[in-house]
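# Architecture and fold: a report
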Amino acid sequence: MQIVVGVAVVKDRQVLAAYRPGPDGGWEFPGGKVEPGESDEQAAARELREELDLEIEVGASLGPGVDISAAYRLHVYYAKILAGAPVLREHSELRWFGPAELDETAWLPPDRPFVRLLRNRL
Ligand SMILES: Nc1nc2c([nH]c(=O)n2[C@H]2C[C@H](O)[C@@H](COP(=O)(O)OP(=O)(O)OP(=O)(O)O)O2)c(=O)[nH]1
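Residues numbered from 1 in each chain as written. Predicted model: local features only at pLDDT ≥ 70, side-chain atom pairs only at ≥ 80, totals over all residues.

### Here we look at the UniProt feature "domain: Nudix hydrolase" (unreviewed entry) in the protein
Mapped onto the present numbering, the UniProt feature "domain: Nudix hydrolase" (unreviewed entry) falls at residues 1-122. Taken end to end, residues 1-122 has its terminal C-alpha atoms 30 Å apart, with 17% of it in helix and 40% in strand. (UniProt positions renumbered as here; feature names shortened; annotations may be inferred. Helix = DSSP H or I, 4+ residues; strand = E, 2+ residues; numbered from the N terminus.)

### Overview of helix 2 (residues 112-119)
F114, V115 and L118 are the residues of helix 2 that are buried. Take helix 2 and look down its axis: the buried residues cluster within an arc of 100°, on one side only. Elements that come into contact with the buried residues of helix 2 comprise strand 1 (2-11), strand 2 (14-20) and strand 7 (72-83). (Buried ≥ 20, exposed ≤ 12 C-beta atoms within 10 Å, placed from the backbone. Arc of directions from axis to C-beta. Contact = placed C-beta atoms within 7 Å.)

### Focus on the site of the ligand
The environment of the ligand is made up of 13 residues, and the closest members are G6, E28, F29, G32 and K33. Breaking the shell around the ligand down by element, the ones donating at least two residues are strand 1, strand 4 (31-33) and strand 7. Among the elements that take part in the shell around the ligand, strand 4 stands out by supplying three residues, more than any other. Grouping the amino acids of the shell around the ligand by side-chain chemistry returns seven nonpolar, three polar and three charged. (Near = placed C-beta within 6 Å. Nonpolar A, V, L, I, M, F, W, Y, C, P; charged D, E, K, R; others polar.)

Shown next as structure tokens:
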């Protein structure tokens, strides 16, 4: 099973979301596929550097993994920003959501259980 890491960057009770464009698009946690030999945490830090020009400190896992498909499973981790401000490179939009704005239906389906957990924990 190939792991995809998503990163819930939290700052001032808000979480950073990125919009994946296209017919199957929606809000997601920035991140990507874990490469061979990499830990989830290493992949999370690499992807956020590549995608958003952000240096992060990866924290705890947000909850149990969720299957995206037969081949991919999503793991989501908390993180905080060490340096930088997010730069839009690969997504169509970036947005900070507070707890009251976290409408799970706008998120990719595998992300929704994590969004529900996060809403109560921001
Ligand atoms: N990054 C990310 N991908 C997610 C989330 N939820 C979800 O279903 N996905 C899906 C969308 C994609 O099919 C897959 C991640 O692929 P990706 O294209 O971001 O991975 P990558 O950056 O390593 O890209 P690539 O070089 O393999 O194309 O996981 C999420 O919260 N974050």
